[in-house]
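One letter stands for each residue in the lines below.
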Amino acid sequence: MAGDANLVHLNDLNWDDEVTKSTVPVLVDFTAVWCGPCKVLSPIIQKLSDELAGKVKVAKLDIDESPAISAKFGIRGVPTVMVFVGGERKAQHVGLTNRENLLKLLPE
């Protein structure tokens, strides 16, 4: 898929390395293949991964493939976007949103 180079695909196994130990903020899109609004949000997340490359890690996590992480953060609806800084959750948005609102979640 074009433009997928900067997007990190998370799961229960690589979460610590990619998010907890990240030296840059991480924007995580909690998603699911059956979720209609997730499909609408996907190209926005994809574009952000390219725009923010090197400054912010942009990642996706399929809640059905990674139930442990989804449960840990209490994901009840998708799409849910969270921003982690130093492994800590700093911001969150539940539901479909736009690029501007996602950028507002990021630290200055």
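1. So, the overall build of the protein
For step 1, the next point in the chain: In terms of helices and strands, the protein carries 4 helices and 5 strands.
For step 2, the next point in the chain: N-terminal to C-terminal, the α/β element order of the protein is β-α-β-α-β-α-β-β-α.
For step 3, the next point in the chain: A globule of 108 residues ought to have a C-alpha radius of gyration of about 13 Å, and the protein, at 12 Å, matches this closely.
For step 4, the next point in the chain: If you line up the protein on its principal axes, its C-alpha atoms span 30 × 25 × 25 Å.
For step 5, the next point in the chain: Expressed as a percentage of contacts within the protein between residues at least 6 apart in sequence, the contacts between residues at least 24 apart total 70%.
For step 6, the next point in the chain: Approximately 5,800 Å² of the protein is accessible, and the part contributed by carbon and sulfur atoms is 55%.
For step 7, the next point in the chain: Side chains of the protein give 12 positive and 14 negative charges; the mean places of these two sets differ by 5 Å.

2. What to know about the pairing of strand β2 (residues 26–31)
For step 1, the next point in the chain: Along β2, 6 of the 6 residues are buried, which leaves the element largely enclosed by surrounding structure.
For step 2, the next point in the chain: Along β2, one buried face is formed by Val26, Val28 and Phe30 and the opposite face, lined by Leu27, Asp29 and Thr31, is buried too.
For step 3, the next point in the chain: In the sheet, β2 pairs with strand β3 (residues 57–62) via 6 bridges, with the strands oriented parallel. Bridged to Phe30 within β3 is Leu61.
For step 4, the next point in the chain: Read from β2 through helix α2 (residues 36–51) to β3, the crossover connection turns out right-handed.
For step 5, the next point in the chain: By the bridge criterion, 5 bridges tie β2 to strand β4 (residues 80–85) in an arrangement that is antiparallel. Paired with Asp29 across the two strands is Val81, which belongs to β4.

3. Here's the deal with the state of the cysteines
For step 1, the next point in the chain: According to the stated counting rule, one finds 1 disulfide in the structure shown.
For step 2, the next point in the chain: One disulfide bridge connects Cys35 with Cys38, the sulfur atoms lying 2.2 Å from each other. Note on the Cys35 and Cys38 pair: the S-S dihedral is about 85°, so by sign convention the disulfide is right-handed. Grouping residues by exposure puts Cys35 and Cys38 together as buried.

4. What to know about the nonpolar core
For step 1, the next point in the chain: Core analysis: the largest hydrophobic core is formed by 19 residues, its most contacted members being Leu10, Trp15, Val28, Phe30, Phe73 and Phe84.
For step 2, the next point in the chain: Where this core is concerned, the elements lending two or more residues are β1 (7–10), α1 (15–20), β2, β3 and β4.
For step 3, the next point in the chain: A total of 3 residues in this core trace back to one element, the largest contributor, which is β2.
For step 4, the next point in the chain: Filtering out sequence-adjacent residues up to four positions away, Leu10 remains in contact with Trp15, Glu18, Val19, Val28, Ala59, Lys60, Leu61 and Ser66.
For step 5, the next point in the chain: Judged by nonpolar contacts, the second largest core, of 14 residues, contains Leu48, Val56, Val81 and Ala91.

5. Thoughts on the sheet that holds β1
For step 1, the next point in the chain: Reading across the sheet, the 5 strands line up as β1-β3-β2-β4-β5 and stay open at both edges, with mixed pairing between neighbours. Looking along the sheet, the strands with just one partner apiece sit at the ends: β1 and β5 (88–94). Across the sheet, the mean angle from the axis of one strand to that of its neighbour is 25°, orientation sign disregarded.
For step 2, the next point in the chain: Both β1 and β3 contribute to a ladder of 4 bridges, which runs parallel.

Cut-offs and rules
- Residue numbers here run from 1 along each chain, matching the order of that chain's written sequence.
- Totals for whole chains, interfaces and linings use every residue, but because this is a predicted model, local features are given only for residues with pLDDT of at least 70 and side-chain atom pairs only at 80 or more, for both listing and counting.
- Side-chain measures here rest on the full set of heavy atoms in the structure, leaving out hydrogens and waters.
- Numbering goes from the N terminus for both helices and strands, where a helix is a DSSP run of H or I of at least four residues and a strand is a run of E of at least two.
- For the radius of gyration, the atom set is restricted to C-alpha positions; the globular benchmark scales as 2.2 Å times the number of residues to the power 0.38.
- Any two residues whose heavy atoms approach within 4.5 Å are treated as being in contact.
- For accessible areas, the Shrake-Rupley method is used with a probe of radius 1.4 Å. Any residue's cover is judged against the shown protein chains and nothing else.
- A positive count includes Lys and Arg, and a negative count includes Asp and Glu. His and the chain ends are not counted in either.
- Charge positions come from single atoms, namely NZ of Lys, CZ of Arg, CG of Asp or CD of Glu.
- The buried label applies to any residue whose accessible area, calculated with a 1.4 Å probe on protein chains only, is under 20% of its type's maximum; exposed applies above 50%, and partly exposed to all values in between.
- At least two DSSP bridges between two strands are required for those strands to pair.
- When the strands point away from the viewer and the path from the first strand over the helix to the second turns clockwise, the crossover is right-handed.
- When two cysteine sulfur atoms are found within 2.5 Å, that pair is recorded as a disulfide.
- Buried Ala, Val, Leu, Ile, Met, Phe, Trp, Tyr and Cys residues form a nonpolar core when they are joined through side-chain atoms within 4.5 Å.
- Angles run from 0 to 180 degrees between N-to-C directions of axes, and those axes are lines fitted to C-alpha atoms, restricted for helices to the stretch in contact.

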